[in-house]
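Survey of secondary and tertiary structure
Chain by chain, the residues:
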Amino acid sequence: MDLLKKKIREEGVVLSDSVLKVDSFLNHGVDPQLMDAIGEEFAGRYGDESITKVLTIESSGIAPGLMAALKLGVPMIFARKRQSLTQSEGLITSKVYSFTKKEENTISVSGKYIHEGDRVLIIDDFLANGQAAWGLIDLAEKAGAEVAGVGIVIEKSFQDGGGNLRQKGYRVDSLAEIESLEAGRIKFKEDKAA
Ligand code: G4P
Ligand code: NA
Ligand code: NA
């Protein structure tokens, strides 16, 4: 997705060989026009997949997830990382380990909003080791829903999340694939010759 890659090139900050900061448009500041285009792109890719729900995770999955849901004409639900006081009935949970933060979190959704008969598109901002994506797949499948695919804004192809998901047969659509962040340089997967 050219608009997204342009934005990453212009505003992305390489923090290390493995971490890209995109606080200006995705993880802190949010660019509504870009989110609109991202939603349109996911809806184009999944328009024929009979999606009934978009499932994402707070916080940074919500903006792209909401726009994808809007363009697909379906509701969005976001998994919570902390249990809500008002939420306890029919809670579906899954454990997610973050390699980055070296901590395990329990994520949850209410079975009220996702259930058998749903065909789910999972959306997240980043795909690194894939722990969040697996947690969301686990929640959807525990709820009895079917996972149509995983839509990712930025995939870091040098980490193994995307490879593992595809190997297990899940469809993964990433709008920008980063092959390397070495030497402070953002190298996209298709820029091989450059
Ligand atoms: P994984 O789910 O793919 O295994 O990733 P990991 O546990 O390593 O990621 C932990 C958090 O860091 C997630 O956000 C994830 O989106 C984010 N993340 C991973 N790699 C990068 C990166 O290179 N750049 C940025 N900007 N974020 C990255 P989170 O803590 O759940 O936060 P949020 O959703 O509230 O923003
Ligand atoms: Na994030
Ligand atoms: Na995230």
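Residues numbered from 1 in each chain as written. Chains lettered and ligands numbered in written order. Predicted model: local features only at pLDDT ≥ 70, side-chain atom pairs only at ≥ 80, totals over all residues. Heavy atoms only, no water.

1. A look at the nonpolar core
Rules: To qualify as a nonpolar core, a set must consist of buried Ala, Val, Leu, Ile, Met, Phe, Trp, Tyr and Cys residues joined through side-chain atoms within 4.5 Å. In this scheme, a residue with accessible area under 20% of its type's maximum is buried, one over 50% is exposed, and one in between is partly exposed, where area comes from a 1.4 Å probe on protein chains only. For the purposes of this entry, the term helix denotes a DSSP run of H or I that reaches at least four residues, the term strand denotes a run of E that reaches at least two, and both are numbered from the N terminus. In this analysis, two residues are considered to be in contact whenever any of their non-hydrogen atoms come within 4.5 Å of each other.
Core analysis: the largest hydrophobic core is formed by 32 residues, its most contacted members being Leu4, Ile8, Leu20, Leu26, Ile38, Val54 and Ile154. Of all the secondary structure elements, the ones that give two or more residues to this core are helix 1 (2–11), helix 2 (23–27), helix 3 (32–46), helix 4 (62–72), strand 7 (119–127), strand 8 (146–156) and strand 9 (172–180). With 6 residues, the top contributor of residues to this core is helix 3. Ignoring anything within four residues of it in the chain, the contact list for Leu20 reads Ile8, Gly12, Val13, Val14, Phe126, Ile154, Ile178, Leu181 and Ile186. Formed by 25 residues, the second largest nonpolar core is a distinct cluster that contains Ile92, Ala133, Ile137 and Tyr170.

2. Observations regarding the packing of aromatic side chains
What counts, and what does not: Stacked, tilted and edge-to-face are the three classes assigned to paired rings of Phe, Tyr and Trp, where Trp is represented by its six-membered ring and a pair needs centres within 6.5 Å; plane angles under 30 degrees give stacked, over 60 edge-to-face, the rest tilted.
Applying the stated criterion across every chain, the model contains 2 aromatic pairs. Between Tyr97 and Phe99 the ring centres are 5.3 Å apart and the planes differ by 85°, which places this aromatic pair in the edge-to-face class. Here Trp134 and Tyr170 contribute two aromatic rings whose centre-to-centre distance is 5.5 Å and whose plane-to-plane angle is 85°, an arrangement assigned as edge-to-face. You can see Trp134 sitting in helix 5 (residues 131–142) and its partner Tyr170 sitting in the loop between helix 6 (161–167) and strand 9, a full 36 residues away along the chain.

3. Details of the site of ligand 1
The following threshold applies: Any residue with at least one heavy atom within 4 Å of a molecule or strand is counted as near it. Whenever a nitrogen or oxygen atom comes within 3.5 Å of another N or O atom, the pair is scored as a polar contact, on the condition that within protein one atom can donate a hydrogen and the other can accept it, and that pairs from neighbouring residues in sequence are kept only if both atoms are in side chains. Three classes are used, and their members are as follows: Ala, Val, Leu, Ile, Met, Phe, Trp, Tyr, Cys and Pro are nonpolar, Asp, Glu, Lys and Arg are charged, and the others, Gly among them, are polar.
Taken together, 20 residues sit near ligand 1, with Leu20, Ser60, Lys81, Thr100 and Lys101 positioned nearest. In this structure, Leu20 approaches ligand 1 through a main-chain N or O atom, which is 2.6 Å from a nitrogen atom. In this structure, a nitrogen atom belonging to ligand 1 sits 2.7 Å away from a side-chain N or O atom of Lys156. When contributions to the shell around ligand 1 are tallied by element, the ones reaching two or more residues are strand 7 and helix 5. Its residues assigned to classes, the shell around ligand 1 comprises 6 nonpolar, 9 polar and 5 charged.

4. Side note on the coordination of the sodium ion (ligand 3)
This is how the line gets drawn: Sodium, potassium and calcium take a 3.2 Å donor cutoff, other metals 2.8 Å, and in both cases only N, O and S atoms count; water is not among them, so sites may look incomplete.
Distances from the sodium ion (ligand 3) to its protein donors, Asp124 (OD) and Asp125 (OD), fall within 2.3 to 2.9 Å. The distance between the sodium ion (ligand 3) and the sodium ion (ligand 2) comes to 3.3 Å, with Asp125 serving as a donor to both metals. Judged by its relative accessible area of 7%, Asp124 falls in the buried class. Judged by relative accessible area, Asp125 falls into the buried class, the value being 10%.

5. Observations concerning the UniProt feature "binding site: xanthine" (unreviewed entry) in the protein chain
Put simply, the test is: UniProt positions are given in the numbering used here, feature names are shortened, and annotations may be inferred rather than shown by experiment.
The residues that UniProt annotates with the feature "binding site: xanthine" (unreviewed entry) are Leu20, Asn27 and Lys156. Within the fold, Asn27 resides in helix 2. On the basis of relative accessible area, Asn27 is assigned to the partly exposed category, the value being 28%. Here Asn27 is in contact with Val22, Ser60, Asp125 and Phe126, once residues within four sequence places are set aside. Residue placement: Lys156 occurs in strand 8. If sequence neighbours within four positions are ignored, Lys156 has contacts with Ser18, Val19, Phe126, Leu127, Ala128, Ile178 and Leu181. Within the structure, the side chain of Lys156 is placed 2.8 Å from the backbone oxygen of Ser18, a separation counted as a polar contact.

6. Details of the UniProt feature "binding site: 5-phospho-alpha-D-ribose 1-diphosphate" (unreviewed entry) in the protein chain
UniProt annotation of "binding site: 5-phospho-alpha-D-ribose 1-diphosphate" (unreviewed entry) refers to Ala128, Asn129, Gly130, Gln131 and Ala132 when read in the numbering used here. For Ala128, the location among the structural elements is in the loop between strand 7 and helix 5. Beyond its immediate stretch of four places on either side in the chain, Ala128 contacts Lys156, Gln159, Asp160 and Gly161. Within the secondary structure, Asn129 is located in the loop between strand 7 and helix 5. Beyond its immediate chain neighbours, meaning those up to four positions away, Asn129 contacts Phe99, Gln159, Asp160 and Gly161.

7. Here we look at the pattern of salt bridges
Oppositely charged side chains can form a pair if their charged atoms are brought close together. To be explicit about the condition: Only one rule defines a salt bridge in this text: a Lys or Arg side-chain nitrogen within 4 Å of an Asp or Glu carboxyl oxygen.
What the rule picks out here adds up to 18 salt bridges. Residue Lys7 is joined to Asp31 by a salt bridge in which the shortest nitrogen-to-oxygen separation is 3.0 Å. Here the residue Lys7 occupies a position in helix 1, and Asp31 occupies one in the loop between helix 2 and helix 3, the gap between them amounting to 24 residues. When its relative accessible area of 18% is taken as the criterion, Lys7 is described as buried.

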